[in-house]
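Chain by chain, the residues run as shown.
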Amino acid sequence: MAGGGFTDAGDLKRAHLYEYRITSYFLIACMVAAMGGSLFGYDLGVSGGVTSMDDFLKEFFPKVYRRKQAHLTETDYCKYDNQVLTLFTSSLYFAGLVSTFGASYVTRSRGRRASIMVGSVSFFIGAILNACAVHISMLLLGRIFLGMGIGFGNQAVPLYLSEMAPAKIRGAVNQLFQLTTCLGILVANLINYGTEKIHPWGWRLSLGLATVPATLMFVGGLFLPETPNSLVEQGKLDEARKVLEKVRGTASVDAEFSDLIDASNAARAIKNPFRNLFKKKNRPQLVIGALGIPAFQQLTGMNSILFYAPVIFQSLGFGSGAALYSSVITGIALCIAALISMAFVDKFGRRAFFLEAGTEMIIYMVIVAITLALEFGEGKPLPKGIGIFLVIVICLFVLAYGRSWGPLGWLVPSELFPLEMRSAGQSVVVCNNLLFTALIAQAFLAALCHLKFGIFLVFGGLVVIMSAFIYFFLPETKQVPIEEIYLLFENHWFWKRIVKEDNGKFVEPVK
């Protein structure tokens, strides 16, 4: 039974009997659901751009504005070091990590589709509050609603895509979430580039346009089918069978449907999925999927670059328009990387992308640190050639991250958990991810101020650690049916000693 009561494979080894065709119904459902990533991406892209706009700073952060004007053409690590300013960015992620536990209940009891729609409504409200803000408290309240929307969306969308996808193309389908995230970042950067020239309310337009992806996600959600896995979990077997036949494009779904029922039976035996997550037989999913990968994804330093790309480039001596333009370039690089990963992740596997791109990321972080150590922070404008070189290196870093830790940080956790604790596990994934996102967002500008170029060496060192973690502890999951992933750990050199309880006999689940 799938990751549940039995530790032997039992009757679950039926993957070779699965049949499917790629249908328009399946493609449309996945593309609509994946729009949830655009909410996350739009906010990632828009936040840094808005916090570098003079009109926004004059309205809410006049001290930061005066400091910026005093160092307008000079390099200055500490130009934007202000904890209230960074709270504007990080408050969203603190709200998201709290809301994800409510999202877990909705996702499990009401379905993945319900969480997607709740997230879109909350994000819409937050966007309206931000666009109309006249005081810092109203601005932060809007960020809280945005965070709740992202908490629900990030909890449900990766699960939805992984459950809808056939095993052989699950990696590519799940990475639609990353692709729409990247497109959201790119669109936000382009919008910031235009609205920065609209005085004095351009920043309001940037923040208010977040209502567009929220509206699209809500309207699309009205027509989305629920996943067969979720319908079986809710006891709606006839409907689940019909949906499974439609998304697979064939009536020959007996083997896969039987596996879903087996997994659901195991799920019903679990009254407390959060508590069950800490059982010894689920230790790999806890350590790798719930704790390790979500935290490491943020500790690459990539989201700090995305949050603050315009701010970083302005700190490096670029003008406001040039800084936003440079962040557009990094957004394009991120989209290209997502397409590369989608095309090849199911061919070369998750581990290969993690390890190869991780090596590149280490090299690029060291190069950035050495360049800044030699050329930056002396109170003089950064040479144009050095500035261009830094943008190129950062783009190469983005390309490496965008085909590895970016998409795989969501894909791998979403496919590791068995059905009985999938919603709970994904809640911990999102909570942990948003916790580290918020902490990095809150601390990055202060760390940049105090550690200077050393902050990039810290991120490089962390990538070394996380690459070793992947090499030793993550088995390859490509093309393995989602309800059979747990079998990989029973044959893994390290995890097999932990997960095999009672020599394959029935293990009483935690209730």
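All values derive from a computational prediction rather than experimental measurement.

Visitor: Account for the overall build of the protein chain, naming residues and giving values.
Guide: Check the secondary structure of the protein chain and you find 25 helices and zero strands. Sorting the 511 residues of the protein chain into buried and exposed places 63% on the buried side. Within the protein chain, contacts between residues separated by at least 24 positions form 82% of all contacts whose residues are at least 6 apart in sequence. With an accessible surface of roughly 18,100 Å², the protein chain has 68% of that area assigned to carbon and sulfur atoms.

Visitor: An account of the side chain of Asn282 is needed here, citing residue identities and associated values.
Guide: Mapped onto the secondary structure, Asn282 falls in the loop between helix H15 (273-276) and helix H16 (283-299). Within polar-contact distance, the side chain of Asn282 engages the backbone oxygen of Asn276 at 2.9 Å.

Visitor: Mind laying out the state of the cysteines, listing which residues take part and the relevant values?
Guide: Under the counting rule described, the total for this entry stands at zero disulfides. Cys182 supplies the cysteine sulfur nearest to Cys335, a cysteine that is in no disulfide, at a spacing of 5.2 Å.

Visitor: Please provide a residue-by-residue account of the layout of surface pockets, values included.
Guide: When its volume is computed, the largest pocket comes out at roughly 240 Å³. Counting residues per element, the ones that place at least two in the lining of the largest pocket are helix H1 (24-34), helix H2 (36-50), helix H9 (176-195) and helix H11 (211-222). In terms of residues, the lining of the largest pocket owes the most to one element, H9, which gives seven residues. A class-by-class count of the residues in the lining of the largest pocket yields 13 nonpolar, three polar and no charged.

Visitor: Before we move on, could you go through the packing of aromatic side chains and cite the residues and values that matter?
Guide: Summed over the entire model, instances satisfying the criterion amount to 18 aromatic pairs. Between Phe40 and Trp410 the ring centres are 6.2 Å apart and the planes differ by 90°, which places this aromatic pair in the edge-to-face class. Taken together, the residues span a long stretch of sequence, with Phe40 in helix H2 and Trp410 in helix H21 (residues 405-416) at a distance of 370 residues. When sorted by exposure, Phe40 lands in the same class as Trp410, which is buried. One aromatic cluster is present, formed by Phe296, Phe354, Trp405, Phe469, Phe473, Trp493, Phe494 and Trp495 through successive ring pairs. Over the face of the ring belonging to Tyr193 we find Lys197, whose NZ or CZ atom lies 3.8 Å from the ring centre.

Visitor: With reference to specific residues and values, describe the pattern of salt bridges.
Guide: By the definition in use, this model includes 15 salt bridges. Note that Glu256 and Arg248 form a salt bridge whose closest N and O atoms lie 2.9 Å from each other. Residue classification places Glu256 among the buried residues on the basis of a relative accessible area of 12%. Judged by relative accessible area, Arg248 falls into the buried class, the value being 1%. A salt bridge links Glu356 to Arg403; its shortest N-O distance comes to 3.0 Å. Separated by 47 residues along the polypeptide, Glu356 in helix H19 (residues 350-375) and Arg403 in the loop between helix H20 (384-402) and H21 bring together distant segments of the chain. Since its relative accessible area comes to 36%, Glu356 is described here as partly exposed. Accessibility expressed as a relative area gives 12% for Arg403, which makes it buried. In the salt-bridge network here, residues are joined through shared partners; they are Arg108, Arg112, Glu163, Glu233, Arg422 and Glu483.

Visitor: Break down the packing of helix H13 (residues 237-248) against helix H14 (residues 254-268) for me, citing the residues and quoting the values.
Guide: Interhelical geometry of H13 versus H14 gives an angle of 135° and a closest axis separation of 11 Å. By the angle class used here, H13 and H14 are oblique. Considering how the two elements wind past one another, H13 and H14 form a crossing that is right-handed. Contacts from Leu237, Ala240, Arg241, Leu244 and Arg248 of H13 reach H14 at Asp254, Glu256, Phe257 and Leu260. The class makeup of the residues in the contact of H13 with H14 is five nonpolar, no polar and four charged.

Visitor: Which residues make up empty space enclosed by the protein, and what values do they have?
Guide: As enumerated under the stated definition, the model contains six cavities of 30 Å³ or more in all. Estimates place the volume of the largest cavity at around 130 Å³. Forming the walls of the largest cavity are 16 residues, and the residues nearest its centre are Tyr18, Ala165, Arg248, Glu256 and Ile482. Contributions of two or more residues to the lining of the largest cavity are made by helix H7 (136-164), H13 and H14. The greatest single-element share of the lining of the largest cavity, amounting to three residues, is contributed by H14. By residue class, the composition of the lining of the largest cavity is eight nonpolar, two polar and six charged.

About the criteria used
Residues numbered from 1 in each chain as written. Predicted model: local features only at pLDDT ≥ 70, side-chain atom pairs only at ≥ 80, totals over all residues. Heavy atoms only, no water. Helix = DSSP H or I, 4+ residues; strand = E, 2+ residues; numbered from the N terminus. Buried < 20%, exposed > 50% of the residue type's maximum accessible area, 1.4 Å probe, protein only. Contact = heavy atoms within 4.5 Å. Areas by Shrake-Rupley, 256 points an atom, 1.4 Å probe, with all protein chains shown as cover. Polar contact = N/O pair within 3.5 Å; in protein donor to acceptor, adjacent residues only side chain to side chain. Disulfide = S-S within 2.5 Å. 1 Å grid on protein atoms, 1.4 Å probe; cavity = no way out; pocket = protein on both sides within 12 Å on 5 of 7 lines; lining within 4 Å. Points joined across faces, edges and corners; volume = space filled by probe spheres on them. Nonpolar A, V, L, I, M, F, W, Y, C, P; charged D, E, K, R; others polar. Phe/Tyr/Trp six-rings, centres within 6.5 Å; stacked < 30°, edge-to-face > 60°. Lys NZ or Arg CZ within 6 Å of the ring centre and 35° of its normal. Salt bridge = Lys/Arg side-chain N within 4 Å of Asp/Glu carboxyl O. Axes fitted to C-alpha atoms, helices over the stretch in contact; angles between N-to-C directions. Parallel < 35°, antiparallel > 145°, perpendicular 65-115°, else oblique. Left-handed = near helix turned anticlockwise from the far one by under 90°.

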